[in-house]
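A structural walkthrough
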Amino acid sequence: MAVSETGRGVLRRKPVEQIEEGGESERLTRSLGLWQLTAIGVGGIIGAGIFTLAGAVANGTAGPAVLLSFLIAGVASAAAAFSYAEFAGLIPRAGSAYTYGYVVLGELAGWFIGWDLLLEYTAIVAVVAIGISGYFSFLLGSVGLDLPAWMLGAPGSGPGHRVDLFAALLCLLIAYLLTLGIKNAARFETVVVGLKVAVVLLVIGVGAFHVDTANYTPFFPFGVGGALTGAATVFFAVFGYDAMSTAAEESKDAQRHMPRAILYSLAVSMLLYVVACLVLTGMQNYRDIDRESGFSSAFESVGLTGLADVIAVGAIIGILTVMFTFMLGVTRVWFAMSRDGLLPKWFAKTHPRRHVPTRVTWIVGFSSAAIAGFLPIAEAAELTNIGILLAFVVVCTAVIVLRYRQPDLPRTFRCPGMPVVPALGALFSLWLITFLQWQTWARFVVWFVIGLVIYFTYSYRRSELARSGGGDTLPP
């Protein structure tokens, strides 16, 4: 039974051997070293989770077992991370999950995941910006500075609110930093990540002297089920390496450095998360931990109120690096899709001197600024999560398929426990998707339908593979 011509189109895939960088006007600069890549990964993983999410889950879902929630989520995330690491060493090209899907599962699968990540990553940048804005307002209030109500939040988020001006400006600031060139931008990210880790270590170090082991009892106040439910919640605090992997084409030695950076960033972040959870639930009984500012309430409970401002500054710094990582991710996915012809080539043009995709960077900057400025955080957050989980499913599935289809390809890193480990990563991601609200699914379906219309009216005939008549096709 032959594959139809249409089938050949949507299932055509770019052979691994033909993965090449674009021409001079569509080329990125390879300037990132191992530790810069690791810093970008840590910057994307450690953010609001360590300052707010840990307290919220401990108080209402898992109790002291929030430690296990993070460990379970970390193990599940590691299953996907191993799959990303194998692909990063094998296909050192911009685009991450989009490119991996295109190479292994075909053009429509690649389009599907790339189109979805454009919305997800942009929304994450906006949500994070809104979160930083809240901490910023807290700091200004603590020193007696009261800003006009109209600029403090999106319409409907509070009395007199018209726009979250600080959140919008922050999105534009990150876009500006990314247009300066990846080397300068990564240098900024590395410094800020260093400051963030220093603040986290300070909080952990000081807090460790005020731990009361009696607070760890009962360890499972909500049962083992509470720890599992908590794992589903905190999972969204333990990814970020996926966005970092979009920068593979800007790594000096991507085939060696990208797999290591993915695993190093997850390992460092998980260590900090676990120790922070031990300190938090040891300092204060889980019932008394503030759901929005866990560490602040914990330090206040032991008479260290002066550290509250330090924690707020640490939260701002920590979340700022998340914005950087995910805006970097969305711009590189967009760039890769455009260079492959699935979106207009105009978007793939890079700056002649800095060799970064400035056009898409500014578009993403203004788009995320609009979301951050005019949507309440709850509505903006509903645009996130599902696409990243589906990307994990695609990557974990694709690494199994490619391992059996082309086992002799030169892999600088091989996912261990094949096929069990990547299969667990895919199954866990699918399980987490069941926790998402129907509104999230509704928005996803609308975005997906828009993407299908664009694909079949534009991308299907204008992709590089369609024009060249090249590419492999999946077997019937």
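Everything below is about the structure shown above.
Residues numbered from 1 in each chain as written. Predicted model: local features only at pLDDT ≥ 70, side-chain atom pairs only at ≥ 80, totals over all residues. Heavy atoms only, no water.

Before going further, it helps to examine a nonpolar patch on the surface. Residues F220, V224, L228, W431 and F435 make up a contiguous nonpolar surface patch of about 450 Å² in total accessible area. Within the element layout of this structure, F435 appears in the loop between α17 (420–433) and α18 (438–462). Note on F435: relative accessible area 40%, which makes it partly exposed. (Patch = residues over 30% accessible without salt bridge, like charges linked within 9 Å, V, L, I, M, F, W, Y side chains within 5 Å. Areas by Shrake-Rupley, 256 points an atom, 1.4 Å probe, with all protein chains shown as cover. Salt bridge = Lys/Arg side-chain N within 4 Å of Asp/Glu carboxyl O. Helix = DSSP H or I, 4+ residues; strand = E, 2+ residues; numbered from the N terminus. Buried < 20%, exposed > 50% of the residue type's maximum accessible area, 1.4 Å probe, protein only.)

Quick look at the nonpolar core now. Counting residues in each nonpolar core, the largest one holds 155 residues, and the members touching the most others are F70, F235 and Y241. Looking at this core, the element that brings in the most residues is helix α13 (residues 307–339), giving 19 residues. Beyond its immediate stretch of four places on either side in the chain, F235 contacts A73, A76, S77, L389, F392, F428 and L432. (Core = buried A, V, L, I, M, F, W, Y, C linked by side-chain atoms within 4.5 Å. Contact = heavy atoms within 4.5 Å.)

The subject of this paragraph is the environment of L307. Take L307: it is sitting in helix α13. Taking the relative accessible area as the measure of exposure, L307 reaches 15% and is therefore buried. With 224 residues separating them along the chain, L307 and S83 place their C-alpha atoms 40 Å apart.

So, about the environment of V192. Note that V192 resides in helix α8 (residues 182–208). Separated by 128 residues in the primary sequence, V192 and L320 place their C-alpha atoms 8.4 Å from one another. For V192, the residues in contact, after removing those within four places along its chain, are I317 and T321.

This part is about the pattern of salt bridges. Pairing of side chains with opposite charge becomes possible as their charged atoms draw close. Summed over all chains, the structure comprises 8 salt bridges. Among the ionic pairs, R403 bridges to E86, the shortest N-O distance being 2.6 Å. Placement of the pair is R403 in helix α16 (residues 386–405) and E86 in helix α4 (residues 66–90), with a sequence separation of 317 residues. Of the two residues, R403 and E86, both sit in the buried class. Two residues, D253 and R256, come together in a salt bridge whose shortest N-O distance is 3.0 Å. On the basis of relative accessible area, R256 is assigned to the partly exposed category, the value being 41%. A cluster of three or more residues bridged by salt bridges with shared partners is formed by E86, R403 and R411.

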